[in-house]
Each structure stands twice: as structure tokens, then as C-alpha cells.
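The chain contents come next:
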Amino acid sequence: ATELEYFLGGRISISSFGDLEFTPFGSHILPLHLSSSLVKSLSGIVIYFRHLAKKGDVIMIDEPELNLHPENQIRLARVLAKIANRGFNLIFSTHSDYILKELSNLTILANDFDGKDALIERYDYDEKSFLPKDKIKVYAFQNQTIEEVEITDEGFDLDKIDEVISDMAQRSDNIRFSFLESSAVHE
């Protein structure tokens, strides 16, 4: 709960009337409905961890990336990995390439290799978030099928998501360059 609150930038509490409240660090108490969508979407998990959670519990989260900037999606992936490493079973669905890539990075970092310490320092990793490959399962739901994704010491790849991102980058470049070429011709 404390780690999630740090991520949210404030404390989640329950008022004497049973209402959820959010107190941004260094500020005043806000009713939950006046807080950001991020705070609203994760407040239930904070309360769950503070008051109900037991190791071995199964936690299901649908698209944890909603309302999150890409940098925060990466940070959330690290928090989710720490939750799993503390003995909770997480099941979540995501379309976030950022979360998937970070989980793959955390799987790779669970191994020993040259240069690892420099990467940990450079990207501010916490070893408590490293995910050994035997602690994670990834499934791809596509083309009306469910396929288990292979996880190795080198992490995992979801080719379909990578293809979409690569296609979009290529499309954007083509449109921009065509526009710039056309603009230069008309000047």
C-alpha cells in the first residue's frame, strides 16, 4: 500500500464516514471523487493491501495502464512485479507495450550477467522487482486464440504488438516526410 501511495503521490484513507479520501503529499485531504483518474483507479488496490491482503491471494486487474503516462506505466510494472514477488498471484490484462517490455526487462534482470549493476544504477532498478522466469506466465490473446508466450532468460516478445508499433512509426514517418517534401516543393 505504501509503495502504491508513493507512486500516486499521496495517501489513500477512509474517512470516519467510510468515504475514500486522498491526501496529496504536502497538501490537504480531498474526497476521492475530486482526485485524478489514476488515484481513483488504484485507490481500491491500496485499501485492499492495507486492510485485506494475504499472501497467496489472487489479484485481478483489467488494463492497469489506463490513465497512465508511459513513464508511469513502466513504474507501475515494477510495482506489480514487487507485488508478485511478495507472494501474491497477479492476473492482469494489458495492451501496454511499456508494461510488457518492462516486465520482460525485469525477467532479464533476474539473471546474472556482465554490466547488470551499471544498468541497475543507470535506470534506477530495485532488485525486489526482478522477476525470475519461473514466476511469470504471459499469454497472447489474438486471432480468437490464446497462446502461451515463451519466456526465456532473454525475457519475452509479443511480436504482434511490436509489429503494430513498428507499422505506426513507419506510417508516421511516411506521412511526415511526404508532407515536408510537398511543402518544400510548394515554397
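What comes next is a walk through the structure. (Residues numbered from 1 in each chain as written. Predicted model: local features only at pLDDT ≥ 70, side-chain atom pairs only at ≥ 80, totals over all residues. Heavy atoms only, no water.)

### Remarks on the sheet that holds strand β1 (residues 10-14)
Working step 1: Here three strands make up an open sheet; going across it, the order is β1-β2-β3 and the pairing antiparallel. Edge strands, defined here as strands with exactly one partner in the open sheet, are β1 and β3 (30-31).
Working step 2: Strands β1 and β2 (20-24) of the sheet are contacted by helix α2 (residues 37-51), whose axis makes an angle of about 65 degrees with β1. (Pairing = 2+ DSSP bridges. Helix = DSSP H or I, 4+ residues; strand = E, 2+ residues; numbered from the N terminus. Contact = heavy atoms within 4.5 Å. Axes fitted to C-alpha atoms, helices over the stretch in contact; angles between N-to-C directions.)

### Quick notes on the pairing of strand β4 (residues 58-62)
Working step 1: Taking every second residue as pointing to the same face, the buried face of β4 carries Ile59 and Ile61, while none of Val58, Met60 and Asp62 on the other face is buried.
Working step 2: Here β4 pairs with strand β5 (residues 89-93) via five bridges, running parallel. Bridge pairing links Asp62 to Ser93 in β5.
Working step 3: Note that the unit made of β4, helix α3 (residues 70-85) and β5 has a crossover that is right-handed. (Buried < 20%, exposed > 50% of the residue type's maximum accessible area, 1.4 Å probe, protein only. Right-handed = clockwise from strand over helix to strand, strands pointing away.)

### Considering the pattern of salt bridges
Working step 1: One pass over the full model with this rule turns up nine salt bridges.
Working step 2: Glu5 is the partner of Arg50 in a salt bridge, and the nearest nitrogen-oxygen pair spans 2.7 Å. Of this pair, Arg50 sits in helix α2 while Glu5 sits in helix α1 (residues 2-8), placing them 45 residues apart in sequence.
Working step 3: Glu5 sits in the buried class, given a relative accessible area of 5%.
Working step 4: In this structure, Glu148 and Lys137 form a salt bridge, with 3.5 Å as the shortest nitrogen-oxygen distance. (Salt bridge = Lys/Arg side-chain N within 4 Å of Asp/Glu carboxyl O.)

### Digging into α3
Working step 1: Along its 16 residues, α3 runs 23 Å from first to last C-alpha, staying within 8% of the 22 Å computed at 1.5 Å per residue.
Working step 2: The set of residues buried in α3 consists of Asn72, Gln73, Leu76, Ala77, Arg78, Val79, Leu80, Ala81, Lys82, Ile83 and Ala84.
Working step 3: Where α3 is buried, its residues touch α1, α2, β4, β5 and α4 (97-109). (Expected span 1.5 Å × (residues − 1).)

### Brief notes about the environment of Asp97
Working step 1: Within the fold, Asp97 resides in helix α4.
Working step 2: It is 9.2 Å that separates the C-alpha atoms of Asp97 and Gln73, two residues lying 24 residues apart in sequence.

### Looking at the packing of α3 against α4
Working step 1: Their axes nearest at 8 Å, the elements α3 and α4 cross at an angle of 45 degrees. Judged on the interaxial angle alone, α4 and α3 are oblique. Note that α3 runs across α4; the crossing there is right-handed. Side by side, α3 and α4 meet where Pro70, Gln73, Ile74, Ala77, Arg78 and Ala81 of the first sit next to Tyr98, Ile99, Glu102, Leu103 and Leu106 of the second.
Working step 2: Residue composition of the contact of α3 with α4, by class: eight nonpolar, one polar and two charged. (Parallel < 35°, antiparallel > 145°, perpendicular 65-115°, else oblique. Left-handed = near helix turned anticlockwise from the far one by under 90°. Nonpolar A, V, L, I, M, F, W, Y, C, P; charged D, E, K, R; others polar.)

### Observations concerning the nonpolar core
Working step 1: Judged by nonpolar contacts, the single largest core of 22 residues is most densely connected at Leu8 and Phe49.
Working step 2: Taken together, the elements giving at least two residues each to this core come down to α1, α2, β4 and α3.
Working step 3: The biggest single contributor to this core is α2, with eight residues.
Working step 4: Aside from chain neighbours lying at most four places away, what touches Leu8 is Phe22, Leu38, Val39, Leu42 and Val46.
Working step 5: Counting residues in each nonpolar core, the second largest holds 19 residues, with Ala81, Leu106, Leu131 and Phe156 among its members. (Core = buried A, V, L, I, M, F, W, Y, C linked by side-chain atoms within 4.5 Å.)

### Description of unusual backbone geometry
Working step 1: Even without being glycine, Asn67 reaches a positive phi, approximately 70 degrees.
Working step 2: Inspection of the secondary structure assignment puts Asn67 in the loop between β4 and α3.
Working step 3: A residue is classified by how much of its surface remains accessible, and Asn67, at 49% relative accessible area, is partly exposed.

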